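Structure at a glance
Okay, here's what each chain looks like letter by letter:
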Amino acid sequence: MKPNPILSELSKVEKQFFEWYKEFDSSSAYMDGVSECVGKFFVPSKQNLATAEKKLNNILKEAKNKGQRRLFKSYLTSLRFNEPYMVPSHATNAFFSHLVKEGIVPEHLKSLAKDVEEALDAYAKLLADKKWSIEIKIVTCQTTDQLLGILNTMLVETRDESLKKSLNALKEKALKYRKLYEIKGIKNGDFSEVYPILQKTREKVKHKTIYPQLLADMWGYLETPEEIENQATLWLKKELPNLKKVTHKLAKIYGVKPTVEIVEEELSKRRGIPKQQALQFVKETRTIAQKVFEKNVVRITPKYETRVIETPIYLVNMLPTAAMYNFDSLTDKPFNVFLVTMDPRFSPSPDVPTLIQSLLHEEYGHAVNFSNSATRFAANPTFLEILSSAFSTHVS
């Protein structure tokens, strides 16, 4: 595997940012294909965050265009926006990246486990004096459960005793971290546990004052929250008549009452797919869909590679249907992993329309755009435009 040719075109300020990125977002850099960042994870202590911010501010002063300034400002905003679910979530993604890209390599995973231990300690200390809503605590429990789940998976899979020792030490640390945000009644973190608690409490997440800044600075939206909400409302008003029309049409065909809930239930019964066949259905359908889309909608890079797998058990509590992960954008062999959730505790019974909708969203909403960009198939994105940033998800 060779570096992406785009790395040979970096400007002075882009080179400076790349070094910053490898130091202060090393797990994302590894996911993007930077091999020197294997086994590394940023420890978000107060001192480390201050150092990262100072260095990035200096780079921001050297920015030459609006795109560079916007992206650097996004990273600056993310350094200042810290909530307790973030480190467990990033840590799970870091371990998952290592397993996907190279499997169990004890030395790399031991190094990663050590860094994540330090990160959990640092984050607990950083956030110790803040009060969090029940919603934030629930999400933190869920993301920490993901981390515990992937640790358990590696403990089962590995025979290396020194790695087991490192993973068990991190597991103990993660359990202590979870207790800091524990909510009574949350054990598995599924809908049946979470929704009744939210119905009773309905606490405010308290993001109203910072939400406009996050949208503008971290996510790069040009619209205000009110403008986005108004636009979404207009879309719903536009689509609602179509939904009612289709509902009545299907209700007549199926001989049931014309309500969305009843028609949806009937649709699942008649067009349902056994869970053990759902993964194969997605694999076969995407082969056909790809030909249709390439002919009628979007050309696809010849280097396109997407692997379809069942969502690992440790990720299902946050991925009830499907998800797409992108890897190695900074190499000459970028690829995607398409996760399909079939765990009955978290995923609704699969039916043909739902699976096709997930396929269209994940494959053509994310994977194709990512691959076309990373390989410069039909355009020439810059280095900063193909990084795993806060911009990349919603842009794709």
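Above: the structure in question.
Keep in mind it's a predicted model, so treat the numbers as computed, not measured. (Residues numbered from 1 in each chain as written. Predicted model: local features only at pLDDT ≥ 70, side-chain atom pairs only at ≥ 80, totals over all residues. Heavy atoms only, no water.)

Quick look at helix 7 (residues 134-157) now. Its 24 residues give helix 7 an end-to-end C-alpha distance of 35 Å, which sits within 8% of 34 Å, the value for a rise of 1.5 Å per residue. For helix 7, a buried count of 18 out of 24 residues is recorded, marking the element as mostly surrounded by other parts of the structure. (Helix = DSSP H or I, 4+ residues; strand = E, 2+ residues; numbered from the N terminus. Expected span 1.5 Å × (residues − 1). Buried < 20%, exposed > 50% of the residue type's maximum accessible area, 1.4 Å probe, protein only.)

This part covers the sheet that holds strand 2 (residues 322-327). Judged by pairing direction, the sheet is mixed, and its three strands sit side by side in the order 1-3-2 without closing on themselves. With partners counted over all chains shown, the strands left at the sheet margins are strand 1 (306-310) and strand 2, one partner each. Neighbour-to-neighbour, the strand axes of the sheet open up by a mean angle of 20°, direction not taken into account. Pairing between strand 1 and strand 3 (residues 335-340): five bridges, direction parallel. When the bridges of strand 3 are listed, R307 appears paired with V337. In the packing of helix 5 (residues 86-102) onto the sheet, the strands contacted are strand 1, strand 2 and strand 3, and the crossing angle to strand 2 comes to about 70°. Its contacts with the sheet put helix 13 (residues 275-296) on strand 1 and strand 3, and the angle it makes with strand 1 is roughly 160°. (Pairing = 2+ DSSP bridges. Axes fitted to C-alpha atoms, helices over the stretch in contact; angles between N-to-C directions. Contact = heavy atoms within 4.5 Å.)

The next thing to look at is the packing of aromatic side chains. The way to describe two aromatic rings as a pair is by their centre distance and the angle between their planes. What the rule picks out here adds up to 15 aromatic pairs. For the pair W20 and F24, a centre-to-centre distance of 5.5 Å together with 40° between the ring planes defines the contact as tilted. Of this pair, W20 and F24 both sit in helix 1 (residues 12-24), four residues apart, which is roughly one turn of that helix. In this structure, W20 and F24 share a single accessibility class: buried. For the pair F96 and Y325, a centre-to-centre distance of 5.0 Å together with 65° between the ring planes defines the contact as edge-to-face. Residue F96 is found in helix 5, and its partner Y325 is found in strand 2; the two are separated by 229 residues along the sequence. Residue classification places F96 among the buried residues on the basis of a relative accessible area of 3%. Following the ring pairs from residue to residue traces out a cluster consisting of F17, W20, Y21, F24, F42, F72 and Y75. Between the NZ or CZ atom of K101 and the centre of the ring of Y30, over which it lies, the distance is 4.1 Å. Between R307 and the ring centre of F335, over which it is positioned, the NZ or CZ distance is 3.8 Å. (Phe/Tyr/Trp six-rings, centres within 6.5 Å; stacked < 30°, edge-to-face > 60°. Lys NZ or Arg CZ within 6 Å of the ring centre and 35° of its normal.)

Glancing now at the environment of T144. Along the chain, the position of T144 falls in helix 7. On a C-alpha basis, the gap between T144 and V87 in space is 8.7 Å, while along the polypeptide they are 57 residues apart. Discounting residues that sit within four places of it in the chain, T144 has contacts with P88, A174, Y177 and R178.

The subject of this paragraph is a nonpolar patch on the surface. A cluster of nonpolar side chains, namely L240, L243 and V260, defines an oily patch on the protein surface of about 230 Å² accessible area. Residue placement: V260 occurs in helix 12 (residues 260-271). (Patch = residues over 30% accessible without salt bridge, like charges linked within 9 Å, V, L, I, M, F, W, Y side chains within 5 Å. Areas by Shrake-Rupley, 256 points an atom, 1.4 Å probe, with all protein chains shown as cover. Salt bridge = Lys/Arg side-chain N within 4 Å of Asp/Glu carboxyl O.)

For the rest of this paragraph, the subject is the pairing of strand 3. Most of strand 3 is tucked away, with six of its six residues classed as buried. Across the two faces of strand 3 the burial is the same, with F335, V337 and L339 and N336, F338 and V340 all buried.

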